[in-house]
Structure formats: C-alpha cells, structure tokens
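Fold and geometry: a report
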Amino acid sequence: VGFAVAALLVGRLAERGWTRTVAGTVAAMSLGTLAVYACGVPWLMGALHLGLGPALKAGMTPFVLPDLAKVLLAAAMLPLASRQLRGSANSSIWV
C-alpha cells in the first residue's frame, strides 16, 4: 500500500513540475519515501503489536540512510538520464 501511495504522490508532484530541478526531485522523492514509512510503520505496529518506538526502530530507522543515499543518487543521475532519453528518441532500442 505504501508504495502505491508513494507512486501516486510522486507522480502527482512530477505532473506539477517538481521534477524539473534536482532540488525539486529530491523533495518529491523524499516525500514519496516518507509516504512509504507513513504506511509501513503503522502496519508494522498492528501486525506485530508494537508500540511506536519499536516500530520506528524496526521499520524505519535501518532504512533512513540507505533511502537517503538512494534519493540523492537517483536525483544526481536524473539530468544524465534526461539527456540520454532526449538524444535516443529515434534509436531502435526504444522500438
């Protein structure tokens, strides 16, 4: 559920132009990641009968730094990917 919410949120933000800059892309991706946490932590609390602290410790804390690295890496690669897609529009690889 969290990934669907994140996809809808980030897609809507992209439609509104948030992904036109690296900073906007980082913000949109970060909000998407927070949406995953916002859905996943309460689910973990209910499924495993955990309090908020233990659920955050098990379901969010171990993932914050890797998710941050993923967001920053993806945002840094976005300009290159955009240039590649524009330059390859007529390439047979897209057939």
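Described below are features of the structure shown in this document. Note that the structure is predicted; figures quoted are calculated from it, not measured.

1. Some details on the overall build of the protein
Scanning the protein from N- to C-terminus turns up four helices and zero strands. Secondary structure elements of the protein, listed N to C terminal, follow the sequence α-α-α-α. The C-alpha atoms of the protein give a radius of gyration of 17 Å, which is well past the 12 Å a tight globule of 95 residues would have. Each of the three principal axes of the protein carries a C-alpha extent, and together these read 55 × 25 × 25 Å. Scored against the burial criterion, the 95 residues of the protein give a buried share of 19%.

2. Description of the side chain of Asp67
Residue position: Asp67 is located in helix α4 (residues 61–87). Overall, Asp67 belongs to the buried group, its relative accessible area being 15%. Excluding anything up to four places from it in sequence, Asp67 contacts Thr33 and Tyr37.

3. Topic: helix α1 (residues 2–15)
The terminal C-alpha atoms of α1 lie 20 Å apart, and with 14 residues this matches the ideal 20 Å at 1.5 Å per residue to within 8%. Turning to α1, its buried residues are Gly2, Ala6 and Leu13. What you see down the axis of α1 is that its buried residues fit within an arc of 35°, all on one side. Those residues of α1 that are exposed and angled more than 90 degrees off the buried face are Ala7, Leu8 and Glu15. On the buried face of α1, the contacting elements are α2 (22–48).

4. Describing the side chain of Thr25
Looking at the secondary structure, you find Thr25 in helix α2. Classification of Thr25 by relative accessible area gives buried; the value is 2%. Non-local contacts of Thr25, meaning those with residues more than four positions away in its chain, are made with Trp18, Thr19, Ala75 and Leu78.

Thresholds, definitions, all that
- Residues numbered from 1 in each chain as written.
- Predicted model: local features only at pLDDT ≥ 70, side-chain atom pairs only at ≥ 80, totals over all residues.
- Heavy atoms only, no water.
- Helix = DSSP H or I, 4+ residues; strand = E, 2+ residues; numbered from the N terminus.
- Rg over C-alpha atoms; globule rule 2.2 N^0.38 Å.
- Buried < 20%, exposed > 50% of the residue type's maximum accessible area, 1.4 Å probe, protein only.
- Contact = heavy atoms within 4.5 Å.
- Expected span 1.5 Å × (residues − 1).
- Arc of directions from axis to C-beta.

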